[in-house]
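What follows is each chain in one-letter form.
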Amino acid sequence: MNQTPAQTPMAAYRDLIASAEIEADPAQRLALEKLQLLHSRLERYDPRPAGWAGLFRRRRNDPPPQGLYLFGEVGRGKTMAMDLFFATAPLARKRRTHFHAFMREVRERINRFRSLPEAARDGDDPIPPIAAEIAAEAWLLCFDELEV
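Residues numbered from 1 in each chain as written. Predicted model: local features only at pLDDT ≥ 70, side-chain atom pairs only at ≥ 80, totals over all residues. Heavy atoms only, no water.

A.B. asks: Even after reading the chapter, I still don't get the packing of aromatic side chains, so can you show me in this structure?
C.D. replies: Two aromatic rings, taken as a pair, are described by how far apart their centres are and by the angle between their planes. Under the defined criterion, the tally for this structure stands at three aromatic pairs. Plain terms: the ring middles of F99 and F143 are 5.4 Å apart, the flat faces sit at 85° to each other, and that makes the pair edge-to-face. A residue pair is termed long-range when its members are at least 10 positions apart, and F99 in helix α4 (residues 99-115) and F143 in strand β2 (residues 140-144) qualify at 44 residues. Among the aromatic side chains, those forming a connected cluster through ring pairs are F99, F102 and F143. (Phe/Tyr/Trp six-rings, centres within 6.5 Å; stacked < 30°, edge-to-face > 60°. Helix = DSSP H or I, 4+ residues; strand = E, 2+ residues; numbered from the N terminus.)

Okay, here's the thing in structure tokens:
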């Protein structure tokens, strides 16, 4: 793939076409247009909670941008499109992973939570604290190989 860093997913896609690394594809272009919209929304999104520091940010408490699910036949370029999006996503805290690996990790965190003494836990439900941990680690999650 092209080694020159592009600033947006659509620019990265155009660079690949211009360098003849891939051929233009209308379905891929449509997916990249949708990813470009999400990229633009993420540029204005700040997931940190409002507080004193939040008074100085331009935007506070905006709802999170709606995610995107790409689907199609094997070999259509879904992973490539997601990789272009992820590489250019304007967030410092981001994570790309295979869905099954992510779920194995969540299961390990649940098991670790349940092995804690009751006094060390915040309630009996492991999901809220685990979700908070994951959200603190990554403001953007990109899953590959997700099946619905």
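There is more to say after this.
A.B. asks: Where do I start with helix α1 (residues 9-18) in this structure?
C.D. replies: Along an α-helix, a turn takes 3.6 residues, which lines up residues three or four apart on a common side. Within the sequence span of α1, burial applies to P9, M10, A12, Y13 and L16. Down the axis of α1, the buried set is contained in an arc of 160°. They therefore lie on one face. Tucked inside the fold, the buried residues of α1 contact α2 (26-43) and α3 (78-88). Two residues or fewer past α1, A20 is found with a positive phi of approximately 65°. (Buried < 20%, exposed > 50% of the residue type's maximum accessible area, 1.4 Å probe, protein only. Arc of directions from axis to C-beta. Contact = heavy atoms within 4.5 Å.)

A.B. asks: Can you help me understand the side chain of D25 in this one?
C.D. replies: Relative to the helices and strands, D25 resides in the loop between α1 and α2. Taking relative accessible area as the criterion, D25 reaches 16% and is therefore assigned buried. A polar contact is formed between the side chain of D25 and the side chain of R76, at a distance of 3.2 Å. Apart from the residues lying within four places of it in its own chain, the contact partners of D25 are Y13 and R76. (Polar contact = N/O pair within 3.5 Å; in protein donor to acceptor, adjacent residues only side chain to side chain.)

A.B. asks: What's the story with the pattern of salt bridges in this structure? I'm lost.
C.D. replies: Opposite charge on two side chains permits pairing when their charged atoms draw close. Under the criterion given, the structure shown has nine salt bridges. When the shortest N-O distance is used, the salt bridge between R76 and D25 registers 3.2 Å. One end of the pair, R76, is in the loop between α2 and α3; the other, D25, is in the loop between α1 and α2, and 51 residues separate them in sequence. R109 is the partner of E137 in a salt bridge, and the nearest nitrogen-oxygen pair spans 2.8 Å. Residue E137 is found in helix α5 (residues 127-137), and its partner R109 is found in helix α4; the two are separated by 28 residues along the sequence. The class for E137 is partly exposed, based on a relative accessible area of 43%. Look at the salt bridges and you will find they share partners, linking R95, E105, R109, E133 and E137 into a network. (Salt bridge = Lys/Arg side-chain N within 4 Å of Asp/Glu carboxyl O.)

A.B. asks: Help me understand the layout of surface pockets, please; the structure alone is not making it clear to me.
C.D. replies: By rolling a water-sized probe across the atoms, one finds the places where empty space is left. Estimated volume of the largest pocket: approximately 770 Å³. Surrounding the largest pocket, 31 residues form its lining, L68, Y69, L70, M82 and F143 being those nearest its centre. Listed by contribution, the elements that provide at least two residues to the lining of the largest pocket are α2, α3 and β2. The element contributing the most residues to the lining of the largest pocket is β2, with five residues. Lining the second largest pocket we find 15 residues, and of these A27, Q28, A31, L70 and F71 sit closest to its centre. Counting only elements with at least two residues in the lining of the second largest pocket, the list comes to α2 and α3. (1 Å grid on protein atoms, 1.4 Å probe; cavity = no way out; pocket = protein on both sides within 12 Å on 5 of 7 lines; lining within 4 Å. Points joined across faces, edges and corners; volume = space filled by probe spheres on them.)

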